[in-house]
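Each chain, letter by letter, is given below.
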Amino acid sequence: MTPRGIKIISKTFTHLMPNKTDLKYKRILFKVSGEAMMGDKGFGHDVDAIQRICNQIILAYELGCEICLVVGGGNIFRGISVAATGMERASADYMGMLATCINGLALQNALEKRGVQTRMQSAIRMDSICEPYIKRKADRHLEKGRIVIFAAGTGNPFFTTDTAAVLRAVEVKCDVILKGTQVDGVYSADPKLDKNAVRYEKMKYNDVIKQELKVMDQTAITLAKDNKLPIIVFSIKGENALCDVLQGKGKFTIIN
Ligand code: GTP
């Protein structure tokens, strides 16, 4: 058991228990990509990949963070791609929002099996499955040390889960939004395709907007900018990646 009562399921996990000093952000929103939940599979859920994500979340929890999660749905359904093949965009987006609920339940289940208390709130009412999104209730859950999972995006078509992440982070007054990706920050070009691509340590919101960098959609960046919410982009691959970033260590790009 960890100090906050979480089950440790892997021996290799114990040495990662964080040192509680240097916590840079207290209340955080961690945006989990749907693709990260499928691991090397082409679709759906990979148990090991989900456990790895949970390890990172639990380490951040042990560090003393209040944690909100927004999860994407791309491992199950990608609204924009399906809309491109002819389906009405609004319908495709609603299907994508349902996919985020499936992922939210998978994360909730995996975290609660480890002894972490969670509450899931959906932007689209589905009362038999989870709570509706109520900001003040989310605040109370966070104060009580529960991890809050925000599902169903913003509840509206034509918005991404990145925008939902920024919106919820602003509403519940998170100190930062953390976006875990496959690369260790924002680059001037795709580092997999262009070996001259440069990684930025720091960026201004306007630079991301002007350069049309694909790190987050423009609506999300603009909303973060208007509300002075810092965004950190980092690689989710290291075992301790999220905690490192929260302590100002490792490689990442901060947009503020
Ligand atoms: P406190 O009021 O701080 O004690 O929070 P709580 O979440 O423990 O209390 P509440 O009685 O609101 O919820 C008890 C359980 O029911 C929790 O697991 C909630 O997630 C769940 N719950 C609450 N409202 C709903 C709902 O509308 N739908 C579903 N499916 N579950 C709900």
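Residues numbered from 1 in each chain as written. Predicted model: local features only at pLDDT ≥ 70, side-chain atom pairs only at ≥ 80, totals over all residues. Heavy atoms only, no water.

A few points about the overall build of the protein
Here's step 1: From N to C terminus, the protein includes 9 helices and 11 strands.
Here's step 2: Its C-alpha atoms give the protein a radius of gyration of 17 Å, within 12% of the compact-globule value 18 Å for 256 residues.
Here's step 3: In terms of principal-axis extent, the alpha carbons of the protein reach across some 50 × 45 × 35 Å.
Here's step 4: Considering only contacts within the protein whose residues lie at least 6 apart along the sequence, 72% involve residues at least 24 apart.
Here's step 5: With the model as given, the accessible surface of the protein reaches about 12300 Å², and the carbon-plus-sulfur share is 53%.
Here's step 6: Both charge centroids of the protein, one from 37 positive and one from 27 negative side chains, sit 4 Å from each other. (Helix = DSSP H or I, 4+ residues; strand = E, 2+ residues; numbered from the N terminus. Rg over C-alpha atoms; globule rule 2.2 N^0.38 Å. Contact = heavy atoms within 4.5 Å. Areas by Shrake-Rupley, 256 points an atom, 1.4 Å probe, with all protein chains shown as cover. Lys, Arg positive; Asp, Glu negative; His and termini not counted. Charge placed at Lys NZ, Arg CZ, Asp CG, Glu CD.)

Focus on the packing of aromatic side chains
Here's step 1: The tally for this structure, following the rule as stated, stands at 2 aromatic pairs.
Here's step 2: Summarising the aromatic geometry, the rings of Tyr-133 and Phe-150 are spaced 5.5 Å apart at their centres and angled 75° between planes, so their arrangement reads as edge-to-face. With Tyr-133 in the loop between strand S4 (131–132) and helix H5 (135–143) and Phe-150 in strand S5 (residues 147–151), this pair connects stretches of sequence that are 17 residues apart. Grouping residues by exposure puts Tyr-133 and Phe-150 together as buried.
Here's step 3: Stacked on the ring of Tyr-133, the Lys or Arg Arg-168 has its end atom at 3.6 Å from the ring centre. (Phe/Tyr/Trp six-rings, centres within 6.5 Å; stacked < 30°, edge-to-face > 60°. Buried < 20%, exposed > 50% of the residue type's maximum accessible area, 1.4 Å probe, protein only. Lys NZ or Arg CZ within 6 Å of the ring centre and 35° of its normal.)

Some points on the sheet that holds S5
In a beta sheet, neighbouring strands pair by backbone hydrogen bonds and run either parallel or antiparallel.
Here's step 1: Here we have 9 strands laid out as an open sheet, ordered S4-S3-S5-S2-S1-S6-S10-S11-S9, and mixed in their pairing. Each edge of the open sheet carries a strand with a single partner, namely S4 and strand S9 (202–203).
Here's step 2: Relative to strand S11 (residues 252–255), strand S10 (residues 231–235) runs antiparallel, the two sharing 4 bridges. When the sheet's bridge partners are listed, Ile-232 is paired in S11 with Ile-254.
Here's step 3: Lying over the sheet, helix H4 (residues 89–113) contacts strand S1 (27–32), strand S2 (66–71), strand S3 (118–122) and S5, oriented at roughly 170° with respect to S3.
Here's step 4: Each of S1, S2, S5 and strand S6 (176–181) is contacted by helix H6 (residues 161–171), which is oriented at about 170° to S1, the strand it contacts most. (Pairing = 2+ DSSP bridges. Axes fitted to C-alpha atoms, helices over the stretch in contact; angles between N-to-C directions.)

Here we look at the site of the ligand
Here's step 1: Lining the immediate environment of the ligand, one finds Arg-119, Asp-127, Ser-128, Ile-129, Cys-130, Glu-131, Pro-132, Lys-137, His-141, Lys-144 and Arg-146.
Here's step 2: Asp-127 is positioned with one of its backbone polar atoms (N or O) 2.6 Å from a nitrogen atom of the ligand.
Here's step 3: Look at the ligand: alone it shows 620 Å² of surface, and the protein chains cover 51% of it.
Here's step 4: At the level of elements, S4 and H5 are the ones that each hand at least two residues to the shell around the ligand.
Here's step 5: Along the lines of polarity and charge, the residues of the shell around the ligand split into 3 nonpolar, 2 polar and 6 charged. (Near = heavy atom within 4 Å. Polar contact = N/O pair within 3.5 Å; in protein donor to acceptor, adjacent residues only side chain to side chain. Nonpolar A, V, L, I, M, F, W, Y, C, P; charged D, E, K, R; others polar.)

Structural notes on the environment of Asn-75
Here's step 1: In this fold, Asn-75 is placed in the loop between S2 and helix H3 (79–84).
Here's step 2: A C-alpha to C-alpha distance of 9.9 Å links Asn-75 and Gly-96, two positions 21 residues apart in sequence.

Some remarks on H6
Here's step 1: Within H6, 8 of the 11 residues are buried, which leaves the element mostly enclosed by the surrounding structure.
Here's step 2: Listed in full, the buried residues belonging to H6 are Thr-161, Asp-162, Thr-163, Ala-164, Ala-165, Val-166, Arg-168 and Ala-169.
Here's step 3: Packing partners of the buried residues in H6 comprise S1, S2, H4, S5, S6 and helix H8 (218–226).
Here's step 4: Put simply, Thr-160 is the residue that caps the front of H6, since its side-chain oxygen is 3.3 Å from the backbone nitrogen of Asp-162.

Here we look at the side chain of Arg-146
Here's step 1: Residue position: Arg-146 is located in the loop between H5 and S5.
Here's step 2: Those residues in contact with Arg-146, other than ones at most four positions away along the chain, are Ile-67, Gln-117, Arg-119 and His-141.

Observations concerning helix H2 (residues 47–62)
Here's step 1: Compared with the 22 Å implied by 1.5 Å per residue over 16 residues, the 22 Å span of H2 between its first and last C-alpha is a close match.
Here's step 2: The buried fraction of H2 amounts to 12 of the 16 residues, a majority that puts the element mostly inside the structure.
Here's step 3: Buried within H2 are the following residues: Ala-49, Ile-50, Ile-53, Cys-54, Asn-55, Gln-56, Ile-57, Ile-58, Leu-59, Ala-60, Tyr-61 and Glu-62.
Here's step 4: Where H2 terminates, the next one or two residues include Gly-64, which has phi positive at roughly 105°. (Expected span 1.5 Å × (residues − 1).)

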